[in-house]
Amino acid sequence: MRIPISFTSSTIKTGCLGVSTLLTPKILELSGIGRPDVLHKAGIPVKLALNGVGEDIQEHIYASVTFGTICIVQQDLA
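Quick caveat: nothing in here was measured; it's all calculated off a predicted structure. (Residues numbered from 1 in each chain as written. Predicted model: local features only at pLDDT ≥ 70, side-chain atom pairs only at ≥ 80, totals over all residues. Heavy atoms only, no water.)

## What to know about the overall build of the chain
- Within the chain, the regular secondary structure consists of two helices and two strands.
- Counting helices and strands in the order they occur from the N terminus, the chain gives α-β-α-β.
- In the chain, which comprises 78 residues, the share counted as buried stands at 9%.
- Put simply, of all contacts in the chain between residues at least 6 apart along the chain, 24% involve residues at least 24 apart.
- Roughly 7,700 Å² of accessible area belongs to the chain as shown, and the carbon and sulfur atoms make up 58% of that amount. (Helix = DSSP H or I, 4+ residues; strand = E, 2+ residues; numbered from the N terminus. Buried < 20%, exposed > 50% of the residue type's maximum accessible area, 1.4 Å probe, protein only. Contact = heavy atoms within 4.5 Å. Areas by Shrake-Rupley, 256 points an atom, 1.4 Å probe, with all protein chains shown as cover.)

Structure follows, in C-alpha cells:
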C-alpha cells in the first residue's frame, strides 16, 4: 500500500525539484520543458525546448544511495 505524501515549498529565485530517474522527465514535461513535438501533442505550452528529456531512461533505474551524518548539538547552559 502506498501512502501519498505531499510537500509545499516556496522559493524566492530558483528552485530545483528532483523526484527520481523515472519521474523527473514527467515533472519537466508537465512544466513545459522538453521536446516541442511531445509537449504540443499533450497540449502543454513550451517554456524550454530541450531535446532528450525522457529519452533513454533505462539507465540508472535502480540506484542505491547510502549516507551518514554526524550531528553535534552544543548547548550553552551558562
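## Considerations on the environment of Gly 52
- Position of Gly 52 relative to the elements: it lies in the segment after strand 2 (48–49).
- The partly exposed category is assigned to Gly 52, whose relative accessible area is 39%.

## Thoughts on the side chain of Glu 29
- Summarising the element assignment, Glu 29 is placed in helix 1 (residues 24–30).
- Of the side chains with opposite charge, Arg 35 lies nearest to the buried Glu 29, which makes no salt bridge, at 6.9 Å. (Lys, Arg positive; Asp, Glu negative; His and termini not counted. Salt bridge = Lys/Arg side-chain N within 4 Å of Asp/Glu carboxyl O.)

## Side note on the pattern of salt bridges
- Tallied over the entire structure, the rule returns one salt bridge.
- Across the salt bridge formed by Arg 35 and Asp 37, the nearest N and O atoms sit 2.8 Å from each other.
- Assessed through its relative accessible area of 23%, Arg 35 is described here as partly exposed.

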